[in-house]
Amino acid sequence: QLQLVESGGGLVQSGGSLTLSCRLSGNTFGIGPMAWYRQAPGKQRELVAEISDESVGTYANSVKGRFTISRHNADNTLYLQMDNLKPEDTAVYYCNARKWVGPKRDFWGRGTQVTVSS
């Protein structure tokens, strides 16, 4: 099985920065696109950024120009650099990985809390 563990969340002031990490372990064979999602209280989970096998990133309009997604396949880690944070970025951030092969294709971490104070 594949396990995902997020880290790097915390409390930061508006305008500040945080870097989230997602470490993959277990059976990492066949991993394709990876992504960060977030869920604020009372809201649905939403896609923040996605990165392809070839490390091409795409972003939600709300974070474009402020967040950067990257992946280091050699050490099985996904990152999300978040700059110029705003109170509306407050949410639990989840790491997602999809596999090209195997009976189970969609994997999630447990999330890390990001809180931005105004």
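What counts, and at which threshold
- Residues numbered from 1 in each chain as written.
- Predicted model: local features only at pLDDT ≥ 70, side-chain atom pairs only at ≥ 80, totals over all residues.
- Heavy atoms only, no water.
- Helix = DSSP H or I, 4+ residues; strand = E, 2+ residues; numbered from the N terminus.
- Buried < 20%, exposed > 50% of the residue type's maximum accessible area, 1.4 Å probe, protein only.

**Student:** Hey, could you run me through the environment of Lys43 in this one?
**Tutor:** With respect to the helices, strands and loops of the structure, Lys43 is situated in the loop between strand S4 (31–39) and strand S5 (46–51). Along the chain, Lys43 and Ala91 lie 48 residues apart, while their C-alpha atoms are 9.5 Å from each other.

**Student:** What's the story with unusual backbone geometry in this structure? I'm lost.
**Tutor:** For residues besides glycine, phi is generally negative; the peptide bonds are generally trans as well. Of note in this structure, Ser55 is not a glycine but carries a positive phi near 65°. Within the secondary structure layout, Ser55 lies in the loop between S5 and strand S6 (57–59). Ser55 gets classed as partly exposed once you look at its relative accessible area, which sits at 40%. Located in the positive-phi region is Asn76, a residue other than glycine, with phi close to 55°. The topology assignment puts Asn76 in the loop between strand S7 (67–72) and strand S8 (77–82).

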